[in-house]
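Observations on chain architecture
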Amino acid sequence: MDQPVEQPNFRLFREVSSRAQSSFLIRLRIENIKRIRLASILGLVMAGALLCLDFLRYSEGRFSKSYLYLYLFLTHASLLILIVPVFVISFNKGTISIGRYKYSYSLIASWTIYVSLSTLTMAILSIIERGSIAMYAINLLVVNFVVIMLHFDRILLNILSYLIIFCAIVLIQESHLEMMMVNILEATGVSILAFAVSTNLFNNAVSDFNYERTLRDKNVIIEKERETSHDLLLNILPAAIAEELILNKKVQPKDYSSATVMMLDFQEFSKKSNLVTPAELVTKIDYCFSAFDEILP
């Protein structure tokens, strides 16, 4: 039986055993799709709030003053596409819950990439509008905490996100050196923190999976030992007595008005037992006692 590999608590990147990896990935995909559905619903609510903000800006005539607000409006409106994964997940809820939805990986990957690009775009536009990287923090929050990614995927996505926002800060604020340095430092700190927390989330998922797998394996071993002891009792005791002993942990004494006791001895047993192997001796004795059980009432 394949036992999960125990991982030391201080290890930065934890993994499951190779034979258990397939089961772990299925479980991870099921969990991620549940998270994506909830995050998509919240994203639709946020999109509605942002579109209300865009309407106020339009009423104030800001759209005619700068194309920036038009770009923000288009980005906010694009979030309405999140209704698609909500419907897809709801429609395929049965197959998703048992890990048999064949497009699980594509759904998770496409959602993660789309949300990452959308929030990064809004982050860049926010830097242009008011010099803030708050949207970048939201980008990291959504991408790293909603989807529990494998180590390579998480590292790649965080590096690419940081490089994009770093280049955007430098290009947009190159004439404001102090503000540029402040935003770069803030973006760096937020990126490191988000990566550390998301890594911890993944490690916790691995630990929980390994613990449950170990517990399940131990329960299987215990059940096999219980079956073995049950068979042993049935072999050495009458069935009714064995069952009562298993159920009640004891046997109630019974009163018999009459009983027959048979005592027997194998002639020259000691001498003949030395002429055969232990296995042959046990086989012969078992044959004899089995015959007695059939003959006696």
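Higher on the page you've got the structure.
Residues numbered from 1 in each chain as written. Predicted model: local features only at pLDDT ≥ 70, side-chain atom pairs only at ≥ 80, totals over all residues. Heavy atoms only, no water.

Before going further, it helps to spend a moment on the packing of aromatic side chains. Evaluation of the coordinates by the stated rule reveals 6 aromatic pairs. Consider the rings of phenylalanine 24 and phenylalanine 202, whose centres lie 5.9 Å apart with planes at 90°: the pair is edge-to-face. With phenylalanine 24 in helix H1 (residues 21-59) and phenylalanine 202 in helix H9 (residues 177-236), this residue pair connects regions lying 178 residues apart in the sequence. Pair check on accessibility: phenylalanine 24 and phenylalanine 202 agree, each one buried. Centre to centre, the rings of phenylalanine 24 and phenylalanine 209 are 5.3 Å apart; their planes meet at 65°, and the pair counts as edge-to-face. Of this pair, phenylalanine 24 sits in helix H1 while phenylalanine 209 sits in helix H9, placing them 185 residues apart in sequence. The pair formed by phenylalanine 24 and phenylalanine 209 is uniform in burial state, with each residue classed as buried. Linked through ring pairs, Phe24, Phe202 and Phe209 together constitute an aromatic cluster. (Phe/Tyr/Trp six-rings, centres within 6.5 Å; stacked < 30°, edge-to-face > 60°. Helix = DSSP H or I, 4+ residues; strand = E, 2+ residues; numbered from the N terminus. Buried < 20%, exposed > 50% of the residue type's maximum accessible area, 1.4 Å probe, protein only.)

Evaluation of the coordinates by the stated rule reveals 1 cavity of 30 Å³ or more. Empty space within the largest cavity amounts to approximately 40 Å³. If you go around the largest cavity, the residues you meet are Asn144, Val147, Ile148, Met149, Arg154, Ser198, Leu201 and Phe202. A breakdown of the residues in the lining of the largest cavity according to their chemical character gives 5 nonpolar, 2 polar and 1 charged. (1 Å grid on protein atoms, 1.4 Å probe; cavity = no way out; pocket = protein on both sides within 12 Å on 5 of 7 lines; lining within 4 Å. Points joined across faces, edges and corners; volume = space filled by probe spheres on them. Nonpolar A, V, L, I, M, F, W, Y, C, P; charged D, E, K, R; others polar.)

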